[in-house]
Amino acid sequence: EGLPVVVCEALASGKPVVATSIAGTPEIINSKDIGFLVNPKDSKSLGEKISEALNKKWDKKKMIKRGNDFSTKKTAKNVFEVYKSLIKNKANRAK
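Being a predicted model, the structure only gives us computed values, none of them experimental. (Residues numbered from 1 in each chain as written. Predicted model: local features only at pLDDT ≥ 70, side-chain atom pairs only at ≥ 80, totals over all residues. Heavy atoms only, no water.)

### Points about helix α1 (residues 5–12)
Filter applied, for reference: Classification of residues uses two cut-offs on accessible area relative to the type maximum, computed with a 1.4 Å probe and protein chains only: under 20% is buried, over 50% is exposed, and between them is partly exposed. Strands here mean DSSP runs of E at least two residues long; helices mean DSSP runs of H or I at least four residues long; both are numbered from the N terminus. Note that the arc is defined by the directions from the helix axis to the C-beta atoms. Any two residues having at least one pair of non-hydrogen atoms within 4.5 Å are treated as being in contact.
Inspection of α1 places Val-7, Cys-8 and Leu-11 among the buried residues, and these make up the whole buried set. End-on view of α1: buried residues confined to an arc of 95°, all on one side of the axis. Packing partners of the buried residues in α1 comprise β1 (17–20), α2 (25–28) and α4 (60–68). Positioned one or two residues after α1, Gly-14 has a phi angle of 80°, which is positive.

### Quick look at the pattern of salt bridges
What counts here: Criterion for a salt bridge: a side-chain nitrogen of Lys or Arg within 4 Å of a carboxyl oxygen of Asp or Glu.
This structure, assessed with the given rule, holds six salt bridges. Ionic pairing is found between Glu-52 and Lys-49, a salt bridge with its closest N-O pair at 3.2 Å. Pair noted here: Glu-52 and Lys-49 are both in helix α3 (residues 43–55), with a separation of three residues, about one helical turn. Under the relative-accessibility criterion, Glu-52 is labelled partly exposed at 38%. Of the charged contacts, one joins Asp-69 and Lys-74 as a salt bridge, the two residues approaching to 3.3 Å between their closest N and O atoms. Each of Arg-66, Asp-69 and Lys-74 takes part in salt bridges that share partners, so that together they form one network.

Below, the structure written as structure tokens:
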């Protein structure tokens, strides 16, 4: 999965994420204010970050905002804007 939906869903629910730094996860978890990334196959770091996450005071508003950045509605709107821009540019070139 290029963009792990479960990571977005957790953040949109106000939950911090501890995940491995693979695929699109680093694109989502871009701040230690919303979660932690560890290297794949590093179980020691994974355990440490889970423990740290359980003991950290999190700002739920930041997590929810970041999770909503990847919502279906926002993604569809962004794609629509790209298509609209392409159509406008093509129309301007045809003049």
